[in-house]
Amino acid sequence: MDRLSAFVRDYLREHQESERRLADRAIDPETGLTLQHGWVNALKNGRVPRAPELWRLRALAVAMSVPASKLAEMAAAQWLGVEVVDVEINQDEQVAVTVPKGMPPAERARFMRMVQEMARHWADE
């Protein structure tokens, strides 16, 4: 499953943007390091051999205007086989849950509904 790679491919297609333009905006706010368009191309095409360093995810998050945690979850799924799903409790709180590997889609949806219900119950206490 190439979750992060697919997300980047979809983003570029939907925004009709080049890898170079995306890379030009990809600056890690903590270190100032920047992404090269060749690395963005390799990521998009599933040719990055290991999970990206955190600074790369932060830089990519800035360029794509998404939370770095969202990209980190996709990277975990793609390189580690760990799928994490964020379940919103309310506007200010959410919980992240690891989805058991190989869970069929119908069971996954049921699992997520159960987690949402449990999280909301705890939030109401």
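For the structure itself, consult the block above.
Residue positions are given per chain, counted from 1 along the sequence in the order it is written. Per-residue local features are limited, in this predicted model, to residues with pLDDT of at least 70; the limit for side-chain atom pairs, both in listing and counting, is 80 or more; totals at the level of whole chains, interfaces and linings are taken over all residues. Processing note: side-chain calculations cover all non-hydrogen atoms of the structure and skip hydrogens and water entirely.

### What to know about helix H1 (residues 3–14)
This is how it is decided: Comment: elements are numbered from the N terminus, with helices defined as DSSP H or I runs of at least four residues and strands as E runs of at least two. Between the first and last residue of a helix there are one fewer steps than residues, each counted as 1.5 Å, and that sum is the expected span. Buried means the residue's accessible area, taken with a 1.4 Å probe over protein chains only, is under 20% of the maximum for its type, while exposed means over 50%, and partly exposed covers the values in between. Should any heavy atoms of two residues lie within 4.5 Å, those residues are counted as being in contact.
Compared with an ideal rise of 1.5 Å per residue, which puts 12 residues at 16 Å, H1 spans 16 Å between its outermost C-alpha atoms and is within 8% of the ideal. Among all positions of H1, only Leu4, Ser5, Ala6, Val8, Tyr11 and Leu12 are buried. As for H1, its buried residues are in contact with helix H2 (19–25), helix H3 (37–44), helix H4 (54–64) and helix H5 (68–80). Where H1 terminates, the next one or two residues include Gln16, which has phi positive at roughly 45°.

### Here's the deal with the pattern of salt bridges
Note on pairing: side chains with opposite charge can pair once their charged atoms come close. Note the cut-off: When a carboxyl oxygen of Asp or Glu lies within 4 Å of a side-chain nitrogen of Lys or Arg, that pair is called a salt bridge.
This model, assessed by the stated rule, comprises eight salt bridges. Among the salt bridges present, the one from Asp28 reaches Arg58, with a minimum N-O distance of 2.7 Å. Placement of Asp28 in the loop between H2 and H3 and of Arg58 in helix H4 is noted, with a sequence separation of 30 residues between them. No difference in accessibility class separates Asp28 from Arg58, as the two residues are buried. Shared partners join several salt bridges into a network, and the residues in it are Glu17, Arg21 and Arg25.

### Side note on the nonpolar core
Considering soluble globular proteins, one finds that nonpolar side chains tend to be buried as a cluster. We apply this condition: Residues enter a nonpolar core if they are buried and are Ala, Val, Leu, Ile, Met, Phe, Trp, Tyr or Cys, with the set joined through side-chain atoms within 4.5 Å.
Of all hydrophobic cores here, the largest spans 24 residues; its most connected members are Leu4, Val8, Leu22, Leu35, Leu60 and Leu71. Contributing elements (two or more residues each) for this core: H1, H2, H3, H4 and H5. Considering every element that reaches this core, the biggest residue donor is H4, with seven residues. Beyond its immediate stretch of four places on either side in the chain, Leu71 contacts Leu4, Phe7, Leu57, Leu60, Ala61 and Val66.

### Some thoughts on the packing of H1 against H3
Where we set the bar: Every axis in this analysis is a line fitted to C-alpha atoms, fitted for helices over the stretch in contact. Angles between the N-to-C directions lie between 0 and 180 degrees. Throughout this description, any angle smaller than 35 degrees is read as roughly parallel, any larger than 145 degrees as roughly antiparallel, any in the 65 to 115 degree range as roughly perpendicular, and the remainder as oblique. Asp, Glu, Lys and Arg are counted as charged, while Ala, Val, Leu, Ile, Met, Phe, Trp, Tyr, Cys and Pro are counted as nonpolar; the rest, among them Gly, fall into the polar class.
The contact between H1 and H3 brings their axes to 8 Å, and the two run at 115°. In terms of orientation, H1 and H3 fall into the roughly perpendicular class. Of H3, the residues touching H1 (which contributes Leu4, Ser5, Val8, Arg9 and Leu12) are Val40, Leu43 and Lys44. Residue composition of the contact of H1 with H3, by class: five nonpolar, one polar and two charged.

### Side note on the environment of Thr34
Following the sequence through the fold, Thr34 ends up in the loop between H2 and H3. Residue classification places Thr34 among the partly exposed residues on the basis of a relative accessible area of 37%. Along the sequence, Thr34 and Gly46 sit 12 residues apart, while their C-alpha atoms lie 20 Å from each other. When sequence neighbours within four positions are dropped, the list of residues in contact with Thr34 reads Ala26, Ile27 and Trp55.

### A short note on the packing of H1 against H5
Contact geometry of H1 with H5 gives a least axis separation of 6 Å together with a crossing angle of 130°. Here H1 lies oblique to H5, going by the angle between them. Between H1, through Arg3, Leu4, Ser5 and Phe7, and H5, the contact on the second element is made entirely by Lys70, Leu71, Met74, Ala75, Ala77, Gln78 and Trp79. Considering only residue class, the contact of H1 with H5 consists of seven nonpolar, two polar and two charged.

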